[in-house]
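Commentary on secondary and tertiary structure
As a plain string of letters, each chain reads:
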Amino acid sequence: MRLSILIKHLEAFAPPNYQEDYDNSGLLVGSPEQEVHAALVALDCTEQVVDEAIALGCNLIITHHPIVFKGLKSFTGKTYVERVVEKAIRHNLALYAIHTNLDHVKYGVNGVISERLGLKNLKVLKPKGGLLKKLVTFCPTEQAEDLRLALFAAGAGHISGYSDCSFNAEGTGTFKAGEGSDPYAGEIGILHHEPETRIETVFVAQDERKVLLALFENHPYEEVAYDIYGLENKLDAVGAGMIGWLEHELDGRAFLGLVKERMDASVIRHTALLPKKIRKVAVCGGSGSFLLKDAIAAGADAFVTADFKYHEFFDADEKLVIADIGHFESEQFTSNLLIDIIQENFPNFAIRLTEHNTNPINYFI
């Protein structure tokens, strides 16, 4: 299978433009046009994982964390990053990472955590803005319905649980066709007045090319008048963290026991347990301290995440319980999610889960 086909499927699930600015998701080593016959999936791309892929005959490694975050200025093998990239190139091994874009989709990393904890009525904790755009165009009224349907088929007009959404207003367009033009209506050199419908509809940024193709292919005018606006509206189904409800409320110790068991955590660092029961729970895979204020504002009784610093625990201020289960522990089931995503469309593609525990942190218990 061509690697680009597999990448297209992964990025349909977690579009690249959903990642954070600092991130480096995507194809890191290799060509989209190369043939891949077997893949190894891991949370991190370590030297052990690369050696395992080579031994198994895999020519693709898919990880959650990108091995390369910053530009590499040399390949002398002085760091593990250089050694991994160098060995991957030498063995024609493609490296692909799907990081914060997978964190930000509703059924991604945080969806897995929520499912394991049994949370219901899930919502994204901090929806992401800047992902929506609005198309405004002007079409002869008689053809407006056909154009709307074509735009909707291309992905425009979806707002939360609603589809085929648009705003329409009637008016009059004017134009004078010049020499060499082929006007849909009117005559060359004569000012023409045409009854038109102004159509407004929204779309997600990654669908812009499809929406514009639908516009140009289905609009009757030789020259199509249109505007595209970037919107700051939040996209409710995309963003950082997640919040939901336990089926039954639990006291603090019972809740921590549930988290420890369901998330296979060796140890949990937590703030003081509070008198109130825990029912509403916020989660964030990986480093989630930046979402503490959002979890408190959303009324969470507990926040399950990782990588809280010492002084940040004070910021809970007895408003909720922070349960820091460790970065690896919070994301360790992401590899299984990736395998499920791939096997859904490519059941016969050879894909394996690494046998190596890539957690760089060890616990002395």
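In what follows, the structure referred to is the one given above.
Residues numbered from 1 in each chain as written. Predicted model: local features only at pLDDT ≥ 70, side-chain atom pairs only at ≥ 80, totals over all residues. Heavy atoms only, no water.

**So, the packing of helix α2 (residues 47–56) against helix α3 (residues 80–90)**
Basically, it comes down to this: For helices, the fitted line uses only the C-alpha atoms of the stretch in contact; every axis is such a line through C-alpha atoms, and the angle between N-to-C directions lies from 0 to 180 degrees. Helix and strand labels come from DSSP, where a helix needs a run of H or I of at least four residues and a strand needs a run of E of at least two; each type is numbered from the N terminus. For this classification, under 35 degrees means roughly parallel, over 145 means roughly antiparallel, 65 to 115 means roughly perpendicular, and everything else is oblique. Two helices that cross are described as forming a left-handed crossing if the nearer one is turned anticlockwise from the farther one by less than a right angle, and a right-handed crossing if clockwise. Here, two residues are considered to be in contact whenever any of their heavy atoms come within 4.5 Å of each other.
Direction vectors running N to C along α2 and α3 enclose 15 degrees, while the axes themselves pass 9 Å from each other. Compared by their axis directions, α2 and α3 come out roughly parallel. Here α2 runs over α3; the crossing is left-handed. Contacts between α2 and α3 involve Glu47, Val50, Asp51 and Ile54 from the first element and Tyr80, Arg83, Val84 and Lys87 from the second.

**Comments concerning the nonpolar core**
The nonpolar side chains of a soluble globular protein tend to be buried with one another. We apply this condition: Residue types Ala, Val, Leu, Ile, Met, Phe, Trp, Tyr and Cys, when buried and joined through side-chain atoms within 4.5 Å, form a set referred to as a nonpolar core. Under the scheme applied here, a residue whose accessible area is under 20% of the maximum for its type counts as buried, over 50% as exposed, and between as partly exposed, the area being computed with a 1.4 Å probe on protein chains only.
Ranked by size, the top nonpolar core spans 56 residues in total, and within it Leu60, Ile62, Leu102, Phe255 and Val304 carry the most contacts. It is helix α11 (residues 334–345) that contributes the most residues to this core, 5 residues altogether. Ignoring sequence-local partners within four residues, the contact set of Phe255 consists of Leu246, Leu250, Ile278, Val281, Ala302 and Val304. One finds Cys58, Ile61, Ala88 and Leu95 within the second-largest nonpolar core, a separate group that totals 18 residues.

**Comments concerning the packing of aromatic side chains**
We count it as follows: Pairing of aromatic rings covers Phe, Tyr and Trp, the last through its six-membered ring, and needs centres within 6.5 Å; plane angles under 30 degrees mean stacked, over 60 mean edge-to-face, and all others mean tilted. Our definition puts a charge over a ring when NZ of Lys or CZ of Arg is within 6 Å of the ring centre and also within 35 degrees of the ring normal.
Taken as a whole and assessed by the stated rule, the structure comprises 6 aromatic pairs. Considering the side-chain rings of Phe303 and Phe308, the 6.2 Å spacing of their centres and the 85 degrees angle between planes classify their relative orientation as edge-to-face. Taken as a pair, Phe303 and Phe308 share a single burial class, namely buried. Aromatic pair Phe308 and Phe313: ring centres 5.5 Å apart, planes at 50 degrees, arrangement tilted. When sorted by exposure, Phe308 lands in the same class as Phe313, which is buried. One aromatic cluster is present, formed by Phe175, Tyr184 and Tyr221 through successive ring pairs. Of note, Arg116 hangs over the ring of Phe333, and the distance from its end group to the ring centre comes to 3.6 Å.

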